[in-house]
Amino acid sequence: MKYINSKLVGRKIIIHTKHALCAGAGELVESNAFKMVVAKSIEALVERNSILLELFDHHEIDGTQVDILVDVLRYLTILPKDDIPKIVEGSSHIIEREDMLFNYVEYLYNFWRSYDRFIICDSKGDELDLHPYRTFNNTIEYLTHLVRKVYRDIQENITGEHPNIYRQVRAGANFGTIALSKAIPMPREYSDKLQEVLVIRQVLLNPPLVLNPPMNKRTGRFVLVDTNPLKRVTLDKGEFVCYPAKVGSLVILVYIHQRFYELGLSLVNLFEIATDEELLKKPDGIYIYGAPPGTIEDIGEYPTIYYEDKENDMIIAAVPSKDEFGYFGYLKKMILTLHNVKMIRSGHLPFHGSMTRIVLQEGGDFVVLLIGDTGAGKSETLEAFREIGEELISDIIVVADDMGSLTYDKEGNVIGHGTEVGAFLRLDDLSPSVAFGQIDRAIFMSPGRTNTRIVIPITSLHHVLEGYKVDIVLYANNYQQVDEDHPIIDRFESVDEALAVFKEGKVMSKGTTTSTGIVQSYFANIFGPPDYKEHHDMLAREFFTKLIENGIFIGQLRTRLGMKGYEQAGPMAAAEALIELFGDKKGKRDS
């Protein structure tokens, strides 16, 4: 670890390595990374004028005193404290304050763990390249055990006693990734700028993870522009990694700046990593998440931009490397915008909604598509099924959690595909049993703040790609109270009646963006369709006509998620109404 490239970026510690990290505790405490963390911890103590500074002879802490403390800690890994003054000149003052030194070591351990910690392994050409888990064992797992060992050895050599309680906290890295150089086919003007950036092939994470990104909501919108942002951007290969996301049937290369590593690597709970075989083909899109400041801000009305490269049949997007864009929604929604544009261009109808296959215990199944904007209650309603449908429902298979597309099978039936294998959900809108039932696989974002989120895997790529015949299409209405004239489920009798509601795209904002109150967006989907409205209108009328011709139930579902007091009761009642609808439809099928 002594010679490994490690750096601090904001509240992140990033370690780049090609081999095993270090040979043992001695090499760990001799490393530049160890000294860097100790120095930063002292800076933090000075900022708040902590009583722990009494470890030093005087309060004007200079580099020499930090060096003495580092040497004390190094020798404490192998020697009892009373031996240290004989070896480290000027350390007597530190050793005499045993309680203060013990408390500082506890503080240093927690200070290290307060950072988001990343290990990026480039094992190409090494024997570890063929054995990813061995790579992770020799890096992340090994570092975890080593840091805990150093911490415990130091404390035992201070007190002369063994601890009675051992807490196996995650003391190593939060994320580890094997990222390799990889030649991916793409136009020359792109490859010249991107080919040297390492491409992620495997990721290891230790959930549950709790992340505190700079922002907890998204603002503005994604803008279609006439200038290719990649013509403005040059990437520093040492500051980026590429996450090749499998987005439905598409492959989108996401280039993540180190400023946003914690958000970028959280994509593992949302999108699968594209295979080596898939990377032998030209990607469908490229997204620069963290373009150098000052390079793209003047291109569009907002600096969150995308460009359609018609010549190369690719979509290129970029967002600046600024804290104001440090929210997971800027990653997820831009990626899905690129997906939607590609779908429209391919003659498929993209949807913003959740699609689920419900398998009944008594036989039969129904595929339900809930369309609605963010916070409309789509995911929450389907999660409510898991609680109340045990006696009726055999399986709940998620096809799409947030975005997908409609196309046709060989028989002319409308079928749906998904995009994500995970979900990005508001924690406040989930029941405790759902939220904590997934805690062992979850990534939590912005805890204790408005719009606290959880990212969890919920389905398989097989179900995302399979293509299921749609049986029920509903608009998720989260803003309207239920009464005699407004039942939980309404059925539309004509294409025009249905399109009027779906086009209007009303939703009561849930605070996931800076919008408040009832807002409207074209087809509840600002992510691509408004920029291709004429083409989208044609596709929407075509698909809705086919659905009604085929006798498919099209209506709206009042989830009431946006209404105070109905955050959980509304989706629960909506789930109960859907179960009743299934019973009615099953009876008609059986008869």
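### Section: the overall build of the protein
- The secondary structure content of the protein amounts to 15 helices and 27 strands.
- At 27 Å, the protein has a C-alpha radius of gyration in line with the 25 Å of a compact globule built from 591 residues.
- For the protein, the spread of C-alpha atoms along the three principal axes comes to 90 × 55 × 45 Å.
- Considering the protein as a whole, with its 591 residues, one finds that 58% of them fall into the buried category.
- Sequence-distant contacts, at least 24 apart, represent 77% of the contacts inside the protein between residues at least 6 apart.
- Counting only carbon and sulfur atoms, one obtains 48% of the accessible surface of the protein, whose full area is about 24300 Å².

### Here's the deal with the side chain of Arg152
- Summarising the element assignment, Arg152 is placed in helix H6 (residues 132–159).
- In contact with Arg152, other than residues within four places in its own chain, are Tyr166, Arg167 and Gln168.

### A look at the packing of aromatic side chains
- Following the criterion strictly, the structure yields 21 aromatic pairs and no others.
- Aromatic side chains Tyr109 and Tyr151 sit 3.7 Å apart centroid to centroid with 5° between the ring planes, which places their arrangement in the stacked category. Placement of Tyr109 in helix H5 (residues 98–113) and of Tyr151 in helix H6 is noted, with a sequence separation of 42 residues between them. Neither residue differs from the other here; Tyr109 and Tyr151 are each classed as buried.
- Among the aromatic side chains, those forming a connected cluster through ring pairs are Phe222, Phe325, Tyr327, Phe328, Tyr330, Phe424 and Phe527.
- Its end group placed over the ring of Tyr115, Arg11 keeps NZ or CZ at 3.8 Å from the ring centre.

### Let's talk about helix H9 (residues 328–345)
- Counted at 1.5 Å a residue, the expected span for H9 with its 18 residues is 26 Å, and the 26 Å between its end C-alpha atoms agrees.
- Judged by how many residues are buried, H9 sits mostly within the fold: 17 of 18 residues are covered.
- Of the residues flanking the end of H9, it is Gly347, one or two places downstream, whose phi is positive at about 85°.

### Looking at the packing of helix H2 (residues 32–47) against helix H3 (residues 63–76)
- Packing of H2 against H3 brings their axes to within 10 Å, and their N-to-C directions diverge by 125°. In terms of orientation, H2 lies oblique with respect to H3. In terms of crossing hand, the pair formed by H2 and H3 is right-handed. Contacts between H2 and H3 involve Phe34, Lys35, Val38, Ala39 and Ile42 from the former and Val66, Asp67, Leu69, Val70, Leu73 and Arg74 from the latter.

### A word on the packing of helix H13 (residues 495–504) against helix H14 (residues 533–549)
- Running from N to C, H13 and H14 point in directions that differ by 130°, and their axes come no closer than 10 Å. For the element pair H13 / H14, the angle class is oblique. By crossing handedness, the relation of H13 to H14 is classed as right-handed. Between H13, through Val495, Asp496, Ala498, Leu499, Phe502 and Lys503, and H14, the contact on the second element is made entirely by Asp537, Ala540, Arg541, Phe544, Thr545 and Ile548.
- Tallied by class, the residues present in the contact of H13 with H14 amount to 7 nonpolar, 1 polar and 4 charged.

### Looking at helix H10 (residues 378–388)
- Of all the 11 residues making up H10, 8 are buried; the element is thus mostly covered by neighbouring parts of the structure.
- All of the buried residues along H10 are Lys378, Ser379, Glu380, Thr381, Leu382, Glu383, Ala384 and Phe385.

### Overview of the environment of Lys378
- Structurally, Lys378 is set in helix H10.
- In this structure Lys378 comes out as buried when scored by relative accessible area, which is 4%.
- Non-local contacts of Lys378, meaning those with residues more than four positions away in its chain, are made with His352, Gly353, Ser354, Leu370, Ile371, Gly372, Asp373, Asp402 and Ala476.
- In terms of polar contacts, Lys378 uses its side chain to reach the backbone carbonyl oxygen of Asp373, at 2.9 Å.

### Quick notes on unusual backbone geometry
- Backbone torsion omega between Pro207 and Pro208 reads 0°, so that peptide bond is classified as cis.
- Structurally, Pro208 can be placed in the loop between strand E5 (199–205) and strand E6 (209–211).
- One non-glycine residue with positive phi stands out, namely Phe523, at about 55°.
- Turning to its location among the elements, Phe523 is positioned in the loop between strand E26 (518–520) and H14.
- Despite not being glycine, Arg560 has its phi angle at roughly 60°, a positive value.
- Topologically, Arg560 is positioned in the loop between strand E27 (553–558) and helix H15 (569–590).

### With respect to a nonpolar patch on the surface
- Residues Tyr75, Ile78 and Ile87 make up a contiguous nonpolar surface patch of about 290 Å² in total accessible area.
- With respect to the helices, strands and loops of the structure, Ile87 is situated in the loop between H3 and helix H4 (92–96).

### So, the sheet that holds strand E21 (residues 453–457)
- In space, the 4 strands of this open sheet follow the order E6-E20-E21-E19, with mixed pairing throughout. In the strand order of this sheet, the two ends are held by E6 and strand E19 (422–426), each with one partner. Taking the axes of each pair of neighbouring strands and ignoring which way they run, one obtains an average angle of 20° across the sheet.
- Sheet topology places E19 next to E21; 5 bridges connect them, and they run antiparallel. Across the sheet, residue Gly422 finds its bridge partner in E21, namely Pro457.

The rules behind these values
- Residues numbered from 1 in each chain as written.
- Predicted model: local features only at pLDDT ≥ 70, side-chain atom pairs only at ≥ 80, totals over all residues.
- Heavy atoms only, no water.
- Helix = DSSP H or I, 4+ residues; strand = E, 2+ residues; numbered from the N terminus.
- Rg over C-alpha atoms; globule rule 2.2 N^0.38 Å.
- Buried < 20%, exposed > 50% of the residue type's maximum accessible area, 1.4 Å probe, protein only.
- Contact = heavy atoms within 4.5 Å.
- Areas by Shrake-Rupley, 256 points an atom, 1.4 Å probe, with all protein chains shown as cover.
- Phe/Tyr/Trp six-rings, centres within 6.5 Å; stacked < 30°, edge-to-face > 60°.
- Lys NZ or Arg CZ within 6 Å of the ring centre and 35° of its normal.
- Expected span 1.5 Å × (residues − 1).
- Axes fitted to C-alpha atoms, helices over the stretch in contact; angles between N-to-C directions.
- Parallel < 35°, antiparallel > 145°, perpendicular 65-115°, else oblique.
- Left-handed = near helix turned anticlockwise from the far one by under 90°.
- Nonpolar A, V, L, I, M, F, W, Y, C, P; charged D, E, K, R; others polar.
- Polar contact = N/O pair within 3.5 Å; in protein donor to acceptor, adjacent residues only side chain to side chain.
- Patch = residues over 30% accessible without salt bridge, like charges linked within 9 Å, V, L, I, M, F, W, Y side chains within 5 Å.
- Salt bridge = Lys/Arg side-chain N within 4 Å of Asp/Glu carboxyl O.
- Pairing = 2+ DSSP bridges.

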